[in-house]
Amino acid sequence: MKKRRTIFLFLLSFLLIGLWPLRCLLLIDYREQTLLGALPFSLGERFTVEWVHSVELTPWRETYTLGESGGLLLVETAFRSFGAGVPATFEQSFEIEQGWIVAKGLHAPRDDVIYLISRSDYTLTVGMRTWQITQLIAQDRSLQFSIGWRPWWYPVIHCLPREDVKANGRSDPLVYRTAEQRK
């Protein structure tokens, strides 16, 4: 009887530890609804998506964090020029930082975020790691970001590739283009 109880407690402990939940940033192929990767993501962490605007041909970036409700929260957007698709006014003030027009203090909750990866210059930065998004999903596909609770081992099994943009020698994935380069 004591042996069965010990085995039961051991198995229960093993099961509980194996299923210990962890909040993850999930990257999903929106059309196929298949998981592309998972990263541990906790309060205070941020991720940034950067790309070159298809009309203005200047860099744009959006930064998200974990919201109070457990979903995503757009906290900052930055771009290099006003033009097509760029808000003309902001409820919050904006600043100029090293040539970027930066709107901070945004508080825009999102259940999930979906980007149509229409060009090869999209990047994802989480912490000190940056990935070229077309290495994760094919161009002209939609990438969905969402938050979900998964077992602690989930991001180990569904990790993103180890190689990242910065490791390949690109310290600034988006370089501002001059007027001649945009033509």
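Residues numbered from 1 in each chain as written. Predicted model: local features only at pLDDT ≥ 70, side-chain atom pairs only at ≥ 80, totals over all residues. Heavy atoms only, no water.

**Points about the nonpolar core**
For soluble globular proteins, nonpolar side chains are generally found buried alongside one another. Formed by 32 residues in total, the largest nonpolar core has its most connected members in Leu25, Phe47, Val49, Tyr115, Leu124 and Phe145. Taken together, the elements giving at least two residues each to this core come down to β1 (21-29), β3 (46-52), β4 (59-66), β5 (72-79), β7 (100-110), β8 (112-117), β9 (123-126) and β11 (141-151). If you look at the next biggest cluster of nonpolar residues, it comprises five residues, including Cys24, Leu26, Ile28 and Ala38. (Core = buried A, V, L, I, M, F, W, Y, C linked by side-chain atoms within 4.5 Å. Buried < 20%, exposed > 50% of the residue type's maximum accessible area, 1.4 Å probe, protein only. Helix = DSSP H or I, 4+ residues; strand = E, 2+ residues; numbered from the N terminus.)

**Side note on the sheet that holds β11**
Spatially, the four strands line up as an open sheet ordered β2-β1-β11-β8, and their pairing is antiparallel. Unpaired on one side and paired on the other, β2 (34-40) and β8 mark the two borders of the sheet. Here the average twist between neighbouring strands, direction ignored, is 30°. Pairing geometry for β8 and β11, over six bridges, is antiparallel. Each residue of the ladder has a partner; that of tyrosine 115, found in β11, is leucine 143. (Pairing = 2+ DSSP bridges. Axes fitted to C-alpha atoms, helices over the stretch in contact; angles between N-to-C directions.)

**Some details on the sheet that holds strand β6 (residues 94-97)**
Here we have seven strands laid out as an open sheet, ordered β6-β7-β5-β4-β3-β9-β10, and antiparallel in their pairing. In the strand order of this sheet, the two ends are held by β6 and β10 (129-132), each with one partner. Taking the axes of each pair of neighbouring strands and ignoring which way they run, one obtains an average angle of 25° across the sheet. Where β3 and β4 come together, seven bridges link them in antiparallel fashion. By the bridge assignment, valine 49 is partnered in β4 with glutamate 62.

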